[in-house]
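# Observations on the model geometry
For reference, the chains in residue letters:
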Amino acid sequence: MSLTLPAAYSSASKQGNIQENWIIQLGFFNGDAQGSGEGGWEATLQSSGDDNTVNESVDNSETDIDVLDGTVFQVGDFIKIDSEIMKILSISTNTITVERGAMNTTKVTHVNRTAIYWNNFTPIALSDTTVDDVFYHGVVTNTPSIRSSIDLVKAIAKTGNISLNVANFQYKGDDFSAELFLGTRKYINRNVKIYSQLNDNSTLSNCLQIYQGRLVGVSHDDSMVTLQLTEQRPWDFISIPQTKTSDTNIYFPIAYGNFTPNTTSRDYRAIKTVYPIPVNEFRGTQLYSLIGTEDVTSNAYPHYYDKGMDRFIPVSEDGAYNFDTDADSYKGGFAVQAHYELERRITFKPVETTSSTGWSNPDNAFDDADANEETNYASADFTQTNTGQTSKTIKFQMPQIEGKVTAVSMEIRYYTNEITVLTSGTGTATYTLTNKTWGANDIFYTNSATSTGSVNSGGSGTTDTSSSLLTQFEAQEGWGDEIEIEAKVAITAGIDPMSGQFQPRIYDVRILATTEVDWDEATNKARQTANKIVSDIETLYTGGDGLAKDGWESSGAISEIHDAHRDMLIRYTGLTTTDPTGWSDLNTARSGWGIRWWTLEEIELKKSLEKLQYEGCFIFRYKADGSPQYIHIPDSPSADHSLTKNDIKDFSVKHTPFSELLTKMELSYEKHPAENRYMTTKTAYADTARTNWAIQAKENIKQVKLDAYVSPAITEYDNSTDVASSSPNDDFFAYYYNIFGDIKIQVSGTIVNPIFYGMEVGDIVDFSSMHPTKAFGESWSGKNFMITGLTRSVGTLKFDAREI
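How each quantity is defined
Residues numbered from 1 in each chain as written. Predicted model: local features only at pLDDT ≥ 70, side-chain atom pairs only at ≥ 80, totals over all residues. Heavy atoms only, no water. Helix = DSSP H or I, 4+ residues; strand = E, 2+ residues; numbered from the N terminus. Polar contact = N/O pair within 3.5 Å; in protein donor to acceptor, adjacent residues only side chain to side chain. Contact = heavy atoms within 4.5 Å. Pairing = 2+ DSSP bridges. Axes fitted to C-alpha atoms, helices over the stretch in contact; angles between N-to-C directions. Expected span 1.5 Å × (residues − 1). Buried < 20%, exposed > 50% of the residue type's maximum accessible area, 1.4 Å probe, protein only. Phe/Tyr/Trp six-rings, centres within 6.5 Å; stacked < 30°, edge-to-face > 60°.

### A word on the side chain of aspartate 707
Position of aspartate 707 among the secondary structure elements: in the loop between β47 (701-705) and α8 (732-740). Within the structure, aspartate 707 has its side chain in polar contact with the side chain of tyrosine 678 (distance 2.5 Å). Apart from the residues lying within four places of it in its own chain, the contact partners of aspartate 707 are Arg596, Trp597, Lys611, Glu615, Lys671 and Tyr678.

Encoded structure:
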């Protein structure tokens, strides 16, 4: 979104008709030695650090104003209340006497408790000028330039550093170098604003703010002072997390996302949408795990990760398998408790078939399908004629399971079909299914058919379950590593032969087990082993939701990537809760772009923000006027500027380099909570572009690992699903393909029409009225371009743009 042009620019038509000057405001802090805000244009604070405000209602003529803390001000300070600037003439405790309507502002009324802002700056310029009754010393001797850009590959924005050469003139009775450093006023790391002034206009509102940054360095000799300015970066020198426990100095973790726990009843515990929480201490019978700096009021209970089974299993806080879903206040943050026995209850299935005699499709007995699926089963077919019996066995491998098994049961879901055929005489056919696991000989299904006389046939079918096998173990030795099931048909014939047919089907085999750390052994060595097992646990896991918006947009857990990014800025840098430029459009485009992200260790805030920008497919920056902005490529771009050949000189057209092409990604996302891997991997590529540009099978492939991104599910685009037909904001790959999936057009030039001086990086430009009428072999019509680079200097605005 471009800058709002003042009237002086809107009425200008050609660069040759204007004379441009840059005026510079060097913000400083002139407050009490205890400190009260950063100075410049920051909000004033009381000496206690609390907000400083007016302490009465103020009419439009009153000059003696009560404030909450007057001791932080000094005579000569300029302050701003609402839109009015005032100069402090004298101070009496918490009453300040002021000159109203300073710097050409209007005297207005102010309500009680209105915030007070500093308006302290030293004015300099490229040439002498007066703006709003403030004289700007024309002492800048060089011609500075401001370079701003966005990197669509990395999803970051940058404004280059600026160097100002300033004459070391006499200022308030001393060298200007003495004013800037080691004097009364503090300039280092304070805001600096630069405005473009046309034709010596005397009103600041008619000047265009083109830069806001900070003064980071000053050097000088006898005649010259050099000022080093850098862009506004409030995340500099900030790391997260920031809160540690009061005893062990372990960080309380930070998590963003809509996490989901496994249920506390017995089930498969297959859900992996949890995040790690560090164990702070093992005290008494409890492990205390840090969950964060804000209370988690539901689903907070801890989980134990069983690596062998790749499952997160809830553990109770009291040894009786009771769960507290609310976190507890603990040592500067919040924590959850786990009982030292770490009792776990879980349902699981075999992991493979170890042997099978006469069974078809044995793995169907433990696949991922639900039980009783009529088309998905392991089966054995029998045909037994005359006296005798036939048996067929099947064995399944058990998974490894941690801890002492204290209870186990098995559930077998099956179906049987029997047909008995007699030619004459009498006979009995007996059909059985037997569980022989761990030395048992439990018949869980049996049936007999007796027939007599002439030819006779009959059949029956049944569906049944069994779940009362080996329900208790007192020691680990009772736990075996295989499940064994036997199917058998036996015929006892009379005078004449008979035959029996039998087809058992097993749909599902499930084992339900309870395990815990073995604290019951009598020997000290055994208890020492148990103590070490528990003491060595560094991390448990929780399905409680991550941080909430805390009312800045709505309530509830932050579940989308862009919301997490904005929350970090609000929470850790003090970004205003007012919607940034571009937020509304991004908020719509990123609806459903889910996040699950956490950190337990200290990391730079800047790196976290840039990671979310890349994975969320957007860019955050501060505009030239200091206001925050979000940039993304919309599905249906509309032009902010329509440029003609009369608005530009030095116009140049080229295509993006072949080396920038990105046609195939192997994407890993949904980060595993406990291991250094990802739960989803997709391959997506643009078949048309790879064919057009003769890209070989193993060329132009990028491996991408996304630590925060969880949705939308990435479509596996290929030659049958063409990504070119997708919209940029459909998913991660579609977005970056839209930018880099094909060779695009780049343009550059110099703006000669001042009505476009408000142009900013991220703006969308239309060149359909340009000459020549084509961009290489294509028309300009229908093409949209995004400004990716701007360089401002006095009288010049150069731009770079690329097709989107």
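### What about the sheet that holds strand β4 (residues 84-92)?
Taking strand neighbours across the sheet as the criterion, the 5 strands line up as β2-β5-β4-β3-β6 in an open arrangement whose pairing is antiparallel. Here the strands that pair on one side only, and so sit at the sheet edges, are β2 (64-66) and β6 (116-118). Going from strand to strand, the sheet's axes swing by 45° on average, the running direction of each strand aside. One ladder, built from 3 bridges, connects strand β3 (residues 78-81) with β6; its direction is antiparallel. Along β6, the bridge assignment pairs isoleucine 81 with isoleucine 116.

### Digging into helix α6 (residues 605-616)
The end-to-end C-alpha distance of α6 is 16 Å, a good match for the 16 Å that 12 residues give at a rise of 1.5 Å each. Considered for burial, the residues of α6 that qualify are Leu605, Ser608, Leu609, Leu612, Gln613, Tyr614, Glu615 and Gly616. Positive phi shows up at cysteine 617, right after α6, with a value of about 60°.

### A few points about the packing of aromatic side chains
By the definition in use, this model includes 46 aromatic pairs. Judged by centre distance (6.4 Å) and plane angle (55°), the ring pair of phenylalanine 259 and tryptophan 598 falls under tilted. In this pair, phenylalanine 259 sits in the loop between β19 (254-257) and β20 (275-283) while tryptophan 598 sits in strand β39 (residues 596-599), placing the two residues 339 residues apart along the sequence. Judged by its relative accessible area of 14%, tryptophan 598 falls in the buried class. Plain terms: the ring middles of tyrosine 288 and tyrosine 330 are 5.3 Å apart, the flat faces sit at 5° to each other, and that makes the pair stacked. Taken as a pair, tyrosine 288 in strand β21 (residues 286-292) and tyrosine 330 in strand β24 (residues 328-330) lie far apart in primary sequence, 42 residues in all.

### Some remarks on unusual backbone geometry
With an omega dihedral of -5°, the bond running from isoleucine 240 to proline 241 counts as a cis peptide bond. Note that the residue after serine 711, namely proline 712, is joined by a cis bond; omega there is 5°. Position of proline 712 relative to the elements: it lies in the loop between β47 and α8. Residue leucine 182 is not a glycine yet carries a positive backbone phi of 65°. On the secondary structure map, leucine 182 appears in the loop between α2 (176-180) and β15 (191-198). A relative accessible area of 75% means that leucine 182 is categorised as exposed.

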